[in-house]
Amino acid sequence: MRLSALAGKRVAVWGYGREGKAALSVLRRKFPGQPVTLFCSAAEAAGIGRDGEGIEIVTTAPDAAALSVFDIVIKSPGIGPYREPYVSAEKAGVRFTSGTAIWFAENANSKAICVTGTKGKSTVTALIAHLLRAGGKRVALAGNIGLPLLELLEPYVEPDWWVIELSSFQTRDFGGAPTVAVVNNLLEEHLDWHGDADRYRADKLKILGDGSDGVAVLNAGDRATASIRTPRKIIWFNSNNGWHARDDSIFRGDEEILPLAQIPLPGLHNAHNVCAALAAIDAAGIDARTLAQHVATFKALPHRLQRLGVRDDIEYVNDSISTTPYAAIEALRSVGGKATAILVGGFDRGVDWQPFVDFVALHPPRAVITMGANGDAITAALAKVEQHGFELVSSHTLAEAFARARASMREGGVILLSPGAPSFDQFKDYAERGREFARLAGFDPAAIAQIEGMGIA
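Caption draft 1: Main features of unusual backbone geometry. Here the residue pair Glu84 and Pro85 is connected by a cis peptide bond, since its omega of 5° sits within 30 degrees of zero. Within the secondary structure layout, Pro85 lies in the loop between strand 4 (72–75) and helix 4 (86–91). The phi dihedral of Asn238 falls on the positive side, at around 55°, and the residue is not glycine. Secondary-structure assignment places Asn238 in the loop between strand 11 (233–237) and strand 12 (243–246). Under the relative-accessibility criterion, Asn238 is labelled buried at 19%. Positive phi, close to 70°, is recorded for Asp313, a residue that is not glycine. By the secondary structure assignment, Asp313 is in the loop between strand 15 (306–311) and strand 16 (314–318).

The structure is reproduced here in structure tokens:
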């Protein structure tokens, strides 16, 4: 939906996170004097201040009748379209859109590399931007990685490339046709929002669009993505014919390009993320072999297997971004054979924890400490493992889980926060959870939180 479609209409913004704030800012700038209503929580309303001048603010959750007063509602990504009141309001004629959809409608001709996937999409997105910039390109890094696209609606200088992370909430209705569309992998997640795994997959794959223009970059090593069919040209990674990792190096086909020892990111899954980024650059028409050396200067993103440091012979690793059991498995793989206490659990999205149970049965850490809303269910699943060879401890809060983890580490090792679940049962988001873990471990929370390179550079 183009911005011009909002002129003279009854418009509401639903949600006041960063996307909602960006949407309100654009509406005030583009349509001064046009009435706008904001639906948000009382806590969010209390912090609006002068930005709320001229805006009708409603702090009660809207029902279908309240939404149906409007012609167009710009919703935040986390608001689900498959349940009430969205469903009834849409049937009543309300048109829903998002900040991401508006940006793509306004920038249909921009060169964009868009990245989605269940795991690793932020790292892949940031890697692509880092490598393109190392090659002298002007790049905009934005999207779900932490900078709403509407904040860059009118850049002073059009970048050579937009590099954009998209969540499944955003791909569902973004309506774009990116030059390069990367699907890193597909596993179960966000089933509470999408309703089931099939719909989650379908919403994710809308990043590919319906046409044949552009290139799809897909993971040949992931069963779900390897079965994707699209009229786009496909470049595969994790394939012997393309970018892949083997024999302690990154290869393109038979050509050895980069030793894994030069990648400043732990774990084989991060080697696969590097392959995805290099394949995306090839798909953009740039020889990624000439840029691969710059992987060595990439700075790992916060809350993603982030090594905070060592205290009293215990190394602390913050992987708060881990919101699926599969991510927790990869986190355990990344620490190798070190004695490890892993903290798992959080908001319950109804995903299957059996793969995690099977993994720790074969590769037991020193301790598994469960926590959060789904902690008891994870404990019950792990308790069924016969002669499991690890200490299993149930707790509730992160602070309690941390204390239990410390108590289990009598001879040093690793305390790993990799919850495998969202944070919403205890925290605003994964970043707040990661900062609290850092504080509990004795590190400065403010020092770990910045993602470098956001915006246009």
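Caption draft 2: Region of the structure containing the environment of Leu38. Note on placement: Leu38 falls in strand 2 (residues 36–39). Overall, Leu38 belongs to the buried group, its relative accessible area being 0%. For the pair Leu38 and Ile74, spaced 36 residues apart in sequence, the C-alpha separation works out to 9.6 Å. Not counting residues within four places of it along the chain, the set of residues in contact with Leu38 comprises Val13, Gly15, Tyr16, Leu24, Ile48, Ile55, Glu56, Ile57 and Val58.

Caption draft 3: Region of interest: helix 15 (residues 398–408). Of all the residues in helix 15, the buried ones are Leu398, Ala401, Phe402, Ala405 and Ser408. Seen along its axis, helix 15 keeps its buried residues to an arc of 120°; they face one direction. If you follow the buried residues of helix 15, they end up packed against strand 16, strand 17 (340–344), strand 18 (367–370), strand 19 (391–394), strand 20 (413–417) and helix 16 (430–441).

Caption draft 4: Expanded view of the nonpolar core. In terms of nonpolar packing, the biggest core is built from 45 residues, with Ile113, Ile128, Leu132 and Ile250 touching the most fellow members. In terms of residue count, the dominant contributor to this core is helix 11 (residues 268–283) (10 residues). Discounting chain neighbours no more than four positions away, the residues touching Ile113 are Ile128, Leu132, Trp161, Trp162, Val163, Ile164, Val180, Val182, Ala280 and Ala284. Among the nonpolar cores identified, the runner-up in size contains 43 residues, and Phe104, Cys114, Ala140 and Leu205 belong to it.

Caption draft 5: Fine view of the sheet that holds strand 19. Taken in spatial order, the six strands of this open sheet run 15-16-20-17-18-19, and their pairing is mixed. Looking at which strands have only one partner, the edges of the open sheet turn out to be strand 15 and strand 19. For this sheet, the mean inter-axis angle between neighbouring strands, taken without regard to orientation, is 15°. Sheet topology note: the strand 16/strand 20 ladder contains five bridges and is parallel.

Caption draft 6: Focus on helix 11. Taking 1.5 Å per residue, 16 residues should reach 22 Å; helix 11 reaches 23 Å between its end C-alpha atoms and fits that length. The buried fraction of helix 11 amounts to 14 of the 16 residues, a majority that puts the element mostly inside the structure. Downstream of helix 11 by one or two residues, Gly285 has phi in the positive range, about 90°.

About the cut-offs
What you see as residue numbers is a count from 1 along each chain, following the sequence as written. Restriction of local features to residues with pLDDT of at least 70 applies here, the model being predicted, together with a cutoff of 80 or more for giving and counting side-chain atom pairs; totals for whole chains, interfaces and linings are based on all residues. Hydrogen atoms and water are omitted, and side-chain values are computed over all heavy atoms in the structure. Strands are runs of DSSP state E lasting at least 2 residues, helices are runs of H or I lasting at least 4, and numbering of each runs from the N terminus. Buried residues are those whose accessible area, probed at 1.4 Å on protein chains only, stays under 20% of the maximum for their type, while exposed residues exceed 50% and partly exposed ones sit between those limits. Whether two residues are in contact is decided by their heavy atoms, any of which lying within 4.5 Å being enough. In this description, the arc belongs to the directions extending from the helix axis to the C-beta atoms. Put simply, buried Ala, Val, Leu, Ile, Met, Phe, Trp, Tyr and Cys residues joined by side-chain atoms within 4.5 Å make one nonpolar core. One requirement defines pairing of two strands: DSSP has to find at least two bridges between them. Lines are fitted to the C-alpha atoms to define the axes, a helix being fitted only along its stretch in contact, and any angle between axes, read from their N-to-C directions, falls within 0 to 180 degrees. Expected helix span is taken as 1.5 Å per residue step, with the number of steps being one fewer than the number of residues.

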